[in-house]
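This is what each chain is made of:
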Amino acid sequence: MDKDILGNKKIAIIGNGHIGQAIAMGFITGGLKQLQVLISNKSNNIELTKKADYIFIAVKPFIVKSVLKEIKPFIRKKIVLSVAAGVTMEIIEKILGKKQKIIRLMPNIPVSENKGVIGFFANKYISSSEKNEVESLISILGKIIFCKKEKDTDSLTILAGCGPAISAYFIDLLSNFAVQQGFSQGESMNMALKIFEGTIDHLKRHNLIASELIKSVATKGGITETIVGSLYSDRVDVLFMKAMEKGNLKISDLKNKLK
Ligand SMILES: NC(=O)c1ccc[n+]([C@@H]2O[C@H](COP(=O)([O-])OP(=O)(O)OC[C@H]3O[C@@H](n4cnc5c(N)ncnc54)[C@H](OP(=O)(O)O)[C@@H]3O)[C@@H](O)[C@H]2O)c1
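Reading the values: the criteria
Residues numbered from 1 in each chain as written. Predicted model: local features only at pLDDT ≥ 70, side-chain atom pairs only at ≥ 80, totals over all residues. Heavy atoms only, no water. UniProt positions renumbered as here; feature names shortened; annotations may be inferred. 1 Å grid on protein atoms, 1.4 Å probe; cavity = no way out; pocket = protein on both sides within 12 Å on 5 of 7 lines; lining within 4 Å. Helix = DSSP H or I, 4+ residues; strand = E, 2+ residues; numbered from the N terminus. Buried < 20%, exposed > 50% of the residue type's maximum accessible area, 1.4 Å probe, protein only. Contact = heavy atoms within 4.5 Å. Pairing = 2+ DSSP bridges. Axes fitted to C-alpha atoms, helices over the stretch in contact; angles between N-to-C directions. Phe/Tyr/Trp six-rings, centres within 6.5 Å; stacked < 30°, edge-to-face > 60°.

Mapped onto the present numbering, the UniProt feature "binding site: NADP(+)" (unreviewed entry) falls at Ala58, Val59, Lys60 and Pro61. Cross-referencing the annotated residues with the second largest pocket identifies Ala58, Val59, Lys60 and Pro61 as lining it. Its place among the elements puts alanine 58 in the loop between strand S3 (54-57) and helix H3 (61-71). By relative accessible area, alanine 58 is classed as buried at 11%. Here alanine 58 is in contact with Ile13, Ile14, Gly15, Ile19, Gly20 and Val83, once residues within four sequence places are set aside. In this structure, valine 59 sits in the loop between S3 and H3. Overall, the relative accessible area of 17% leaves valine 59 in the buried class.

What follows deals with the sheet that holds strand S1 (residues 11-14). Spatially, seven strands are ordered S2-S1-S3-S4-S5-S6-S7 in an open sheet, and the strand pairing comes out mixed. Two strands in the sheet have a free side with no partner beyond their single neighbour: strand S2 (37-39) and strand S7 (142-146). Mean inter-strand twist for the sheet, computed between neighbouring axes without regard to direction, equals 25 degrees. Bridge count for strand S4 (residues 79-82) against strand S5 (residues 101-106) is four bridges, and the pairing is parallel. Within S5, the position partnered with leucine 81 by the bridge is isoleucine 103. The sheet strands contacting H3 are S1, S3 and S4, and the helix crosses S3 at an angle near 155 degrees. Taken strand by strand, helix H6 (residues 151-161) contacts S5, strand S6 (116-122) and S7, and its axis lies near 35 degrees from that of S5.

Before going further, it helps to examine the UniProt feature "domain: Pyrroline-5-carboxylate reductase dimerisation" (unreviewed entry) in the protein. If you check UniProt for "domain: Pyrroline-5-carboxylate reductase dimerisation" (unreviewed entry), the listed places come out as residues 150-248 in our numbering. Between the C-alpha atoms that bound residues 150-248 there is a distance of 14 Å. The span itself is 83% helix and 0% strand.

Bringing the packing of aromatic side chains into the picture now. Within a pair of aromatic rings, the relevant descriptors are the distance that separates the centres and the angle that separates the planes. According to the stated counting rule, one finds four aromatic pairs in the structure shown. Ring centres of phenylalanine 27 and phenylalanine 56 lie 5.7 Å apart, and the angle between their planes is 70 degrees; on these two criteria the pair is classed as edge-to-face. In this pair, phenylalanine 27 is assigned in helix H1 (residues 18-29) and phenylalanine 56 in strand S3, connecting sequence segments 29 residues apart. Residue classification places phenylalanine 27 among the buried residues on the basis of a relative accessible area of 0%. Residue class for phenylalanine 56 comes out buried when judged on its relative accessible area of 0%. The interplanar angle of 85 degrees and the centroid separation of 5.5 Å between the aromatic rings of tyrosine 169 and phenylalanine 170 together place this pair among those described as edge-to-face. Ring pairs connect the aromatic residues Tyr169, Phe170 and Phe240, which therefore count as one cluster.

Following this line, the structure appears as structure tokens:
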């Protein structure tokens, strides 16, 4: 890992919550120096903004406007990177001014292990050299998905942002079944984790898509086919898509309330 990506520059993270801490941890475990990553304690937003070159906004969506107004006089040519769901470029530009360099990021909690998936959408005031610089920095945290249009950041909110909880839900289902079969809570969780880990490794190593793996395990007339067949015939896939669609509606609702 190139530890000199930042040179003399610094990062300020405004919002010391779940994602703010995960981003800070990801940068530090990824090789940045502790002194280059400043994380706010609510009372020092301005002080940190003055010191840093990259300003991450990691507060709840309804707090973003007040934080931006607070730090606006000290931002000048710095790059603002907002991770807040549903807070559009238009809202941010309206407060900071049209020419402000802004990037919307949509990270997820595994950024702390440098294994995040991070949606990336920059406004037109970010030059290509700045984009490259930020790309090197953000790639410390995981895989960047460049959004062609801003609307894609909403999809990334559901896929990346919510993805770890959705994945954990399925791990939990498998683990709960193991508990029901008489295994201890700890054994069940470890087993479920290993099954997911092994499945992911297998998919990657053999370059398979998920449906190909299902086909290879669910042989005709076998036990796996019975279980997977039951999931399909009970339309668990439809229920899943319905739940995801509710996420889309929630984002639209959030955006309307933020206007
Ligand atoms: N959590 C995720 O996995 C995730 C993923 C992608 C994007 N996001 C986005 O990240 C943002 C933060 O989410 P979160 O889950 O990290 O929320 P969180 O855990 O509640 O963290 C927000 C933090 O901001 C602090 N804060 C409140 N007012 C502040 C102010 N005026 N100045 C500085 N800090 C202030 C809060 O402190 P107090 O608690 O003391 O008020 C808290 O530490 C949201 O906009 C969300 O959409 C989250």
